[in-house]
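Fold and contact review
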Amino acid sequence: MNPTFDFRGHLRNVVPRFLLMDFRGPEWQLSHDQVVGVCVAGFFFLVWFFWEFYDDRRYNVPKGSLGWIPFFGETLEFARNPRDYTARRFKKYGPVFKGCFLGLRAVVSMDPEFSQLRDVNGAECFKITLPRNLRAMIGDTYNMSAEQAGLQKVLLGVMQPETLKSQIKEIEALILAGLSQWEGKTIGVWRSCKKIVLSISVYVNLGHDPSEKKIRDQISKLVPIFNEALVAPPLYLPGTLYYRGYQARLKMESLLGQMVKRRRQSWSENILLTSKDLLSALLRYKTTEGKELSLKQITDVICISFLGGQDTSTAALSCTIKELSKSALIRKAVVAECDAIEERRFASTSLTMADTRNMLYIKKLFKEVLRKHTIVPFTQRQAKEDVDINGSLIPRGWYAIAMLSSINMNPKLWTNPEVFNPSRFDEPQQAKVFAPFGVGAHMCPAKALAELISSIFVYHLLHKYEWKVEGKLVDEKLKTGALLPIPVPKEEIRLLVRRRKMIAKKQMTPPSTFVPTHR
Ligand code: HEM
């Protein structure tokens, strides 16, 4: 090779022309030595790449396959149907195995103990890694910052049963208002449930001060646009879903800015201190350095709350309606419980927390929906260092994926897992086996709220209304987002809803154990 060859100068010349696809001129013609040099460098690069990519051979990681195609690995097979994928791998390798998805190497587990140990004992060795496009949308205040634990306490405080006690009346009113829109009409289940869930999320996050109604209405319109963008390809070009979502986030920030200013200027200290909504709680929050949160940080947390609560709760309600539509026996048991509670309440005032505590069968129904449909099918964490979980090594940088959907359908843990049977929850479940809201540091802060929404919704739907399914009861597909995939019906399930003809009220208690037969 010519020792005086100016390699940098050559690059400066050829790179811009390469980008313009201009391959004319003698500089593109490589000498024999140069061709050999490029081939040798390419060979060493490939050896290094495969060595790095398949470096698990150097460690004692669980058995499995990273796929033959570097980067893609087993992505297609996993994305097509995560449950089938894990079932096949389970047969071959057991409950813990390795895989590779879009270049991310992971240890996948269907063992309930694994996810418990990962999130409880090893929590500080793992982090939640969000893709860059998602971080641009929801920011990194919640998941990335040192404030995560403090902010999670704020969310927990807003959504804990004690706080919800004083909000149950409004939550019930919002559900009743939503359901009254269904009366005498054919409705699309997903869309109609989503409206109800959105109204409750807006109330829980932003409160119900009448003077802020206009701003809240504007934010309500932006939330669905923002949420859709989170599952869209990250193309920041005018007209794309991602672009519209990002613009919605910016508008939301400016509207929240108006609310923050109003509250700080015109709300008395007492109102700000006693308000139960998330925005007020964030305004009261002091960071570890004793500072107030900035508007961007407040928007980040409100956005993550909207994101966490929308599709999850909608999917739970939609799957509940589907299961109730399938089984007359389960419907009858729920109606019996509603009628019995209603009789005791004399249908006078709003529901109380004590009333919801008596909704024992409805609670089991909710749990069974969360088991059979696993609203959040899997959760991921990235190892900050080499971590050993029960003898399975997760090397630094690898992901640990807990397949909640496979745990929930494991015949060794559940009798007849394919059968929808709320009475299986007559016996208390071990938290280790059944954890639909996760465990440990990143457990869902809205468990109590999600349960409350479901209980009140099912109670009023079955006590006041009857319905007929128009068309088919379609199955769900996973709406894969950048964060959590959610089961969404393949097409809208349509219901014709009418007021229930009040039959003579009978004191009936639901049967304690039965295996329903589907109609
Ligand atoms: C049926 C309804 C719901 C289910 C099944 C559910 C499930 C979950 C699960 C499994 C996680 C943990 C994810 C992980 O470990 O990576 C989670 C996290 C979260 N959920 Fe929920 N959720 C529901 C409703 C809600 C609602 C209504 C809200 C808010 C209003 C909410 C807000 C959040 C937030 C903010 C997180 C992140 C917690 C953290 O990373 O510290 N969820 N949820």
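Residues numbered from 1 in each chain as written. Predicted model: local features only at pLDDT ≥ 70, side-chain atom pairs only at ≥ 80, totals over all residues. Heavy atoms only, no water.

In the nomenclature of an unreviewed UniProt entry, the protein chain is known as Cytochrome P450 of Marchantia polymorpha subsp. ruderalis. In its Cofactor (unreviewed entry) section, the UniProt entry covering the protein chain states "heme". (UniProt positions renumbered as here; feature names shortened; annotations may be inferred.)

**Describing the coordination of the iron atom of the ligand**
Exactly one donor from the protein chain reaches the iron atom of the ligand: Cys444 (SG), at 2.4 Å. Locating Cys444 in the fold gives a position in the loop between helix 19 (404-408) and helix 20 (447-464). (Donors = N, O, S within 2.8 Å, 3.2 Å for Na, K, Ca; no water. Helix = DSSP H or I, 4+ residues; strand = E, 2+ residues; numbered from the N terminus.)

**Side note on the site of the ligand**
Around the ligand, a shell composed of 25 residues is seen, among which Tyr142, Gln148, Arg381, His442 and Cys444 lie nearest. One of the side-chain N or O atoms of His442 is found 2.8 Å from an oxygen atom in the ligand. Those elements giving two or more residues to the shell around the ligand turn out to be helix 7 (148-159), helix 15 (295-326) and strand 5 (378-383). The element best represented in the shell around the ligand is helix 15, accounting for six residues. Class assignment for the residues of the shell around the ligand results in 13 nonpolar, 11 polar and one charged. (Near = heavy atom within 4 Å. Polar contact = N/O pair within 3.5 Å; in protein donor to acceptor, adjacent residues only side chain to side chain. Nonpolar A, V, L, I, M, F, W, Y, C, P; charged D, E, K, R; others polar.)

**Focus: the sheet that holds strand 5**
With respect to topology, five strands assemble into an open sheet ordered 1-2-8-5-3, the strand pairing being mixed. Bordering the open sheet on either side are strand 1 (96-101) and strand 3 (126-127), each of which pairs with just one other strand. In this structure, strand 5 lies alongside strand 8 (residues 399-403), joined through five bridges in antiparallel fashion. The partner of Phe378 across the bridge, within strand 8, is Met403. Helix 4 (residues 82-93) contacts strand 1, strand 2 (104-109) and strand 8 of the sheet and is inclined by roughly 135 degrees relative to strand 1. (Pairing = 2+ DSSP bridges. Contact = heavy atoms within 4.5 Å. Axes fitted to C-alpha atoms, helices over the stretch in contact; angles between N-to-C directions.)

**A short note on the domain arrangement of the protein chain**
One can read the domain layout of the protein chain as domain 1 (7-53) and domain 2 (140-374 + 409-499). Computed over C-alpha atoms only, the centres of domain 1 and domain 2 are separated by 55 Å. (Domains from an automatic or database assignment.)

**Observations regarding helix 18 (residues 360-373)**
For helix 18, which comprises 14 residues, the first-to-last C-alpha distance of 20 Å matches the rise-based estimate of 20 Å (1.5 Å per residue) to within 8%. The buried fraction of helix 18 amounts to 11 of the 14 residues, a majority that puts the element mostly inside the structure. Buried within helix 18 we find Tyr361, Ile362, Lys364, Leu365, Phe366, Glu368, Val369, Leu370, Arg371, Lys372 and His373. Thr374 sits one or two residues past helix 18 and shows a positive phi near 25 degrees. (Expected span 1.5 Å × (residues − 1). Buried < 20%, exposed > 50% of the residue type's maximum accessible area, 1.4 Å probe, protein only.)

**Describing unusual backbone geometry**
With a phi angle near 25 degrees, Thr374 is a residue other than glycine that sits in the positive phi range. Structurally, Thr374 is set in the loop between helix 18 and strand 5. With relative accessibility at 5%, the residue Thr374 sits in the buried group. Non-glycine residue Asn390 carries a positive phi angle of around 50 degrees. On the secondary structure map, Asn390 appears in the loop between strand 6 (387-389) and strand 7 (392-394). According to the relative accessible area criterion, Asn390 is exposed, its value standing at 54%.

**Digging into the pattern of salt bridges**
Per the counting criterion, the structure on display carries 22 salt bridges. Between Asp277 and Arg263 there is a salt bridge, with the nearest N and O atoms lying 2.8 Å from each other. With Asp277 in the loop between helix 13 (269-274) and helix 14 (278-284) and Arg263 in helix 12 (residues 241-266), this residue pair connects regions lying 14 residues apart in the sequence. For the pair Asp277 and Arg263, a shared accessibility class is recorded, and that class is buried. A salt bridge links Arg371 to Glu368, with the nearest nitrogen and oxygen atoms 2.8 Å apart. (Salt bridge = Lys/Arg side-chain N within 4 Å of Asp/Glu carboxyl O.)

**Thoughts on the UniProt feature "binding site: heme" (unreviewed entry) in the protein chain**
Residues given the UniProt feature "binding site: heme" (unreviewed entry) here are Cys444. In this structure Cys444 comes out as partly exposed when scored by relative accessible area, which is 28%.

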